[in-house]
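Residues per chain, in single letters:
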Amino acid sequence: MKRANLLGFDIDTYCFDDAVLFAKSLTGQVVTINPEMIDYASKNPKFKEIISQAELVIPDGIGIQIGLCIKGYKVRRIPGIEFAKRILKETSGSPVAFVGAKPNIAEKAVINLSKEIPKLNPVIVQDGYFSDTETIYQSLLSKRPRIVLVALGSPKQEEFIYNLKKDMPYALFIGIGGSFDVWSGEVKRAPEFFQKLGLEWLYRTIKEPKRLKRIFPVLPLFVLKVLKSEFNHAVRN
Ligand code: UDP
């Protein structure tokens, strides 16, 4: 396994195609990591432990790509939304559970995805605003999905997956944030121009200014921290 260590977090450094190839036959937890998650995990040991026990950690944020680049890894970010769709295509026909987003959003997302993936086999489509977690767990256990997509935002989705994965050793779980909102058509993804320049975060912040608090100062501070740790490392050696 190709892993890089960034500020104490192990991150897999596969390219997109290799990550998909690896994940296709994998079971367990895929974490789509970004600087906000690393920042939160640095202050929350339980969350850090969840990330460290994930079977695959892919670099979903441009900040992670920059951090890895500073450390000498030429890795492109792997947007969780694209990764998850490719997994659905490559495993089409296998039972899939969709858990997350506001009521009716996951249903709309499944309808749209089915147009692209005719063999899509959704066995559970559940919104993310439930109070009875136990009932959701039981229905997941009884339907035995091969792929479980969890879109509850971070850290909720990672905790949800972590609590479930040992009881479903046959499943691949992917935490994918706001992806159902995009697949449903309710939220537009950034135009390709922003995506290509790694500025998707900027587009989302312009559209949704309240995200500013989440990104700043986390993103620049994260890059500074990586630079500082590399500098200290170079001075020591
Ligand atoms: N969400 C949910 N249940 C909750 C809180 C959030 O299903 O209790 C959903 C929310 O509706 C949205 C997603 O989780 O679809 C989080 O999206 P966000 O864009 O914040 O996540 P990111 O991609 O930034 O991690």
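Details of the structure are given in the entry above.
Definitions and limits used
Residues numbered from 1 in each chain as written. Predicted model: local features only at pLDDT ≥ 70, side-chain atom pairs only at ≥ 80, totals over all residues. Heavy atoms only, no water. Near = heavy atom within 4 Å. Polar contact = N/O pair within 3.5 Å; in protein donor to acceptor, adjacent residues only side chain to side chain. Areas by Shrake-Rupley, 256 points an atom, 1.4 Å probe, with all protein chains shown as cover. Nonpolar A, V, L, I, M, F, W, Y, C, P; charged D, E, K, R; others polar. Core = buried A, V, L, I, M, F, W, Y, C linked by side-chain atoms within 4.5 Å. Buried < 20%, exposed > 50% of the residue type's maximum accessible area, 1.4 Å probe, protein only. Helix = DSSP H or I, 4+ residues; strand = E, 2+ residues; numbered from the N terminus. Contact = heavy atoms within 4.5 Å. Arc of directions from axis to C-beta. Pairing = 2+ DSSP bridges. Salt bridge = Lys/Arg side-chain N within 4 Å of Asp/Glu carboxyl O. Right-handed = clockwise from strand over helix to strand, strands pointing away.

**Focus on the site of the ligand**
Next, step 1: Every one of the 15 residues lining the ligand counts as a neighbour, but Gly128, Lys156, Asp181, Arg211 and Arg214 are closest to it.
Next, step 2: Side-chain polar atom of Tyr129 to an oxygen atom of the ligand: 2.9 Å apart, as the coordinates give it.
Next, step 3: Within the complex, 79% of the 560 Å² of free accessible area of the ligand lies under protein.
Next, step 4: The residue inventory of the shell around the ligand, partitioned by class, reads four nonpolar, five polar and six charged.

**Topic: the nonpolar core**
Next, step 1: Ranked by size, the top nonpolar core spans 32 residues in total, and within it Phe83, Leu88, Phe98, Leu149, Phe180 and Trp183 carry the most contacts.
Next, step 2: Within the residue set of this core, elements represented by two or more residues are α1 (16–24), β4 (56–59), α5 (80–90), β5 (95–100), α6 (105–116), β7 (147–151), β8 (172–175) and α9 (179–184).

**Let's talk about the side chain of Thr91**
Next, step 1: Here Thr91 lies in the loop between α5 and β5.
Next, step 2: In this structure Thr91 touches Lys24 and Ile147, once residues within four positions along its chain are discounted.

**Describing helix α2 (residues 35–43)**
Next, step 1: Looking at α2, one finds that the buried residues are Pro35, Met37, Ile38 and Ala41. When α2 is viewed along its axis, its buried side chains cluster within an angular range of 155 degrees and face the same direction.

**Let's talk about the pairing of β4**
Next, step 1: On β4, burial covers both faces: Leu56 and Ile58 on one face and Val57 and Pro59 on the other are all buried.
Next, step 2: Examined bridge by bridge, strand β3 (residues 28–33) and β4 share four bridges and lie parallel to one another. Looking at the pairing, Thr32 lines up with Ile58 of β4.

**Section: the pattern of salt bridges**
Next, step 1: Enumeration over the complete set of coordinates arrives at 18 salt bridges.
Next, step 2: The closest approach of N and O atoms between Asp12 and Arg3, which form a salt bridge, is 3.1 Å.
Next, step 3: Judged by relative accessible area, Asp12 falls into the buried class, the value being 1%.
Next, step 4: Here Glu200 and Arg77 are joined by a salt bridge, their closest N and O atoms 3.3 Å apart. Residue Glu200 is found in helix α11 (residues 200–207), and its partner Arg77 is found in the loop between α4 (62–70) and α5; the two are separated by 123 residues along the sequence.
Next, step 5: Looking at Glu200, the relative accessible area reads 9%, which means it is buried.
Next, step 6: Overall, Arg77 belongs to the buried group, its relative accessible area being 18%.
Next, step 7: Connected through salt bridges with shared partners, the residues Asp60, Arg77, Glu82, Arg189 and Glu200 form a single ionic network.

**Let's talk about the pairing of β7**
Next, step 1: Buried residues dominate β7, accounting for five of its five residues.
Next, step 2: Side-chain alternation along β7 places Ile147, Leu149 and Ala151 on one buried face and Val148 and Val150 on a second face that is also buried.
Next, step 3: In this sheet, β7 lies alongside β5 in parallel orientation, the contact comprising five bridges. Bridged to Val96 within β7 is Ile147.
Next, step 4: Two strands pair when backbone bridges link them, and β7 and β8 are joined in this way by four bridges, in the parallel orientation. Within the sheet, the bridge partner assigned to Val148 lies in β8 and is Phe173.
Next, step 5: Regarding the hand of the β-α-β motif, the stretch spanning β7, helix α8 (residues 156–165) and β8 is right-handed.

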